[in-house]
Amino acid sequence: MCAANRTGLATPAEAPLLEVKNLKKHFPIRKGLLRRVAGHVYAVDGVSFTLRRGETLGVVGESGCGKSTTGRVVMKLIDPTAGTIRLAGEDITQVPPDRLRQIRRQMQIIFQDPYSSLDPRQSAGSIVAEPMIVHGTARGQELEDRVADLFKRVGLRTDDMRKLPVAFSGGQRQRVGIARALALNPSLIVCDEPVSALDVSIQAQVVNLLMDLQDELGLSYLFIAHDLAVVHHISHRIAVMYLGRMVEFAETEDLFAEPLHPYTRALLSAIPIPDPTARRAERIVLAGDLPSPSKPPKGCHFHTRCPFAFDRCRVEDPPLREIRRGHFAACHLLDGQNVDASNAAVTVAGSALSEGEP
Ligand code: SF4
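As the structure is a prediction and not an experimental result, all values here were calculated from the model.

Considering the side chain of Lys-25
For Lys-25, the position within the fold is in strand β1 (residues 18-31). No salt bridge is formed by the buried Lys-25; the nearest opposite charge belongs to Asp-79, separated by 6.6 Å. For Lys-25, the side chain forms a polar contact with the main-chain oxygen of Asp-79, separated by 2.7 Å. Apart from the residues within four sequence positions on either side, Lys-25 is in contact with Val-41, Tyr-42, Ala-43, Val-44, Thr-69, Val-73, Ile-78, Asp-79, Pro-80 and Thr-81.

The structure is reproduced here in structure tokens:
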């Protein structure tokens, strides 16, 4: 069952759990003895989105597109350069350390590498108990019962609580990581490539566990991944990032049925399909590598690799616009003037363009 068919999702009319507006994270590049700032890495460069309660928002793109940095800034593990982050209506962009500590209970992160994200010297039980001890939410028998309950919830045995991480498989370690993330009853979990390091056979089990937990606990996920098949399975909506910016944002089924941005179409055309006789979109092969985020190309950042680029793309940056209801994309082709320049099956109601944010 894909995410779109599941229940428990707040309606668009309800206040979102997370609102991110024009978020930027520019890392300074320092050089020389005096460590002078010689430039910046524009890791995240003006990203806006909302996340509803009970929703999974998939964030996809190549390595270096800024998706993991977005997750870390949202989690307040690193400070943004600009923009605002609101959680449950509260502006958490700049909050005092005491308040940030309280807010951290509401948002947790699951890391990519289940091998390095768990302390090898601690038993799995104490790893899961640690957040509750640090935040003082449970102790004594209540703490033990809570840890045992979390182990059962993520499909581990209570006997496993005494084992060290080395005794677990990759999938089991990720389950320990998920139990730890659940320990403080968060409302938001940033899942940063949570299955990328796992065998394909194990990936589906972990993704299905995350979906079951979402249904049971009403969790919201910011699900960061480069594997579109996984993102398709779990996400209600998907944001596609390229060089620090969002280039397309839509409901999952809309994005897969009719991707509008050439970059999204290239990503989708590269997904392997199990049936070789099945009809698929024409393969779009991208030329070259992702440019450096410290020197993003002028105009549309994607123009150096886009098979449909034309003169305007090299000088003018296309804004992210709502092309159809809830479906946003940033491409000059979608102005309705140059749609025919594309040889793929994209139809656009150029007159229906409107400004807006996902
Ligand atoms: Fe390609 Fe131009 Fe559209 Fe950018 S604006 S995606 S370069 S066609």
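Topic: the side chain of Thr-70
For Thr-70, the position within the fold is in helix α1 (residues 67-74). A relative accessible area of 2% means that Thr-70 is categorised as buried. The contact partners of Thr-70, leaving out residues within four places of it in the chain, are Leu-23, Val-44, Phe-49 and Met-241.

What about the site of the ligand?
Of all residues adjacent to the ligand, which total 13 residues, the nearest are Cys-300, Cys-306, Cys-313, Cys-331 and His-332. Among the residues forming the shell around the ligand, the class breakdown is 10 nonpolar, three polar and no charged.

Remarks on the packing of helix α5 (residues 170-182) against helix α6 (residues 200-217)
Between α5 and α6, whose axes approach to 10 Å, the crossing angle comes to 20 degrees. Considering their axes alone, α5 and α6 lie roughly parallel with respect to each other. In the packing of α5 onto α6, the handedness of the crossing is right-handed. Packed against α5, whose contacting residues are Gly-171, Gln-174, Arg-175, Ile-178 and Leu-182, the element α6 presents Ile-202, Gln-205, Val-206, Leu-209, Leu-210, Leu-213 and Leu-217 at the interface. Taken together, the residues that form the contact of α5 with α6 break down as eight nonpolar, three polar and one charged.

Digging into unusual backbone geometry
Positioned with a positive phi, Arg-35 is a non-glycine residue whose angle comes to about 55 degrees. Examined against the element boundaries, Arg-35 turns out to sit in the loop between β1 and β2 (36-51). Here Lys-76, not a glycine, exhibits a phi torsion of approximately 65 degrees, which is positive. By the secondary structure assignment, Lys-76 is in the loop between α1 and β4 (82-87).

Details of the pattern of salt bridges
The tally for this structure, following the rule as stated, stands at 21 salt bridges. A salt bridge links Asp-119 to Arg-121; the shortest N-O distance between them is 3.2 Å. The class of Asp-119 is partly exposed, set by a relative accessible area of 23%. By relative accessible area, which is 72% here, Arg-121 ends up exposed.

Some thoughts on the confidence of the model for the chain
For the chain, per-residue confidence averages 88 on the pLDDT scale, and residues scoring 70 or more make up 88% of the total. Low pLDDT, under 50, characterises residues 337-355; the predicted model gives this stretch 37 contacts beyond four residues in sequence or across chains.

Looking at the environment of Pro-114
If you trace the backbone, Pro-114 turns up in the loop between β6 (107-110) and α3 (124-135). Residues Pro-114 and Gly-177, spaced 63 residues apart in sequence, show a C-alpha to C-alpha distance of 7.1 Å. Excluding anything up to four places from it in sequence, Pro-114 contacts Gly-170, Arg-173, Gln-174, Ala-197 and Leu-198.

Notes on the sheet that holds strand β5 (residues 90-91)
Pairing in this open sheet of four strands is antiparallel, and the strands run β2-β1-β4-β5 from one edge to the other. Both outer strands of the open sheet, β2 and β5, are each paired with one neighbouring strand and no more. Bridge count between β4 and β5: two bridges; the pairing is antiparallel. Bridging from a neighbouring strand, Arg-86 pairs with Asp-91 of β5.

Quick notes on the sheet that holds strand β9 (residues 237-242)
Pairing within the open sheet is mixed, and its eight strands lie in the order β6-β7-β8-β3-β9-β10-β12-β11. With one partner strand each, in any of the chains shown, β6 and β11 (321-324) form the two edges of the open sheet. For this sheet, the mean inter-axis angle between neighbouring strands, taken without regard to orientation, is 20 degrees. Bridge count for β9 against strand β10 (residues 245-251) is six bridges, and the pairing is antiparallel. Within β10, the position partnered with Tyr-242 by the bridge is Arg-245. Contacts from α1 reach β3 (56-60), β6, β7 (188-192), β8 (220-224) and β9 within the one sheet, and its direction differs from that of β8 by about 150 degrees. On top of the sheet, α6 reaches β3, β6 and β8; it is set at about 160 degrees to β8, its chief contact.

Overview of the packing of aromatic side chains
Enumeration according to the criterion identifies four aromatic pairs in this entry. Between Phe-249 and Phe-328 the ring centres are 6.4 Å apart and the planes differ by 85 degrees, which places this aromatic pair in the edge-to-face class. Of this pair, Phe-249 sits in strand β10 while Phe-328 sits in strand β12 (residues 327-329), and the two are 79 residues apart along the sequence. Given the relative accessible area of 0%, Phe-249 is considered buried. A network of ring pairs unites the aromatic residues Tyr-242, Tyr-263 and Phe-302 as a single cluster.

Cut-offs used in this document
- Residues numbered from 1 in each chain as written.
- Predicted model: local features only at pLDDT ≥ 70, side-chain atom pairs only at ≥ 80, totals over all residues.
- Heavy atoms only, no water.
- Helix = DSSP H or I, 4+ residues; strand = E, 2+ residues; numbered from the N terminus.
- Buried < 20%, exposed > 50% of the residue type's maximum accessible area, 1.4 Å probe, protein only.
- Lys, Arg positive; Asp, Glu negative; His and termini not counted.
- Salt bridge = Lys/Arg side-chain N within 4 Å of Asp/Glu carboxyl O.
- Polar contact = N/O pair within 3.5 Å; in protein donor to acceptor, adjacent residues only side chain to side chain.
- Contact = heavy atoms within 4.5 Å.
- Near = heavy atom within 4 Å.
- Nonpolar A, V, L, I, M, F, W, Y, C, P; charged D, E, K, R; others polar.
- Axes fitted to C-alpha atoms, helices over the stretch in contact; angles between N-to-C directions.
- Parallel < 35°, antiparallel > 145°, perpendicular 65-115°, else oblique.
- Left-handed = near helix turned anticlockwise from the far one by under 90°.
- pLDDT = per-residue confidence, 0-100.
- Pairing = 2+ DSSP bridges.
- Phe/Tyr/Trp six-rings, centres within 6.5 Å; stacked < 30°, edge-to-face > 60°.

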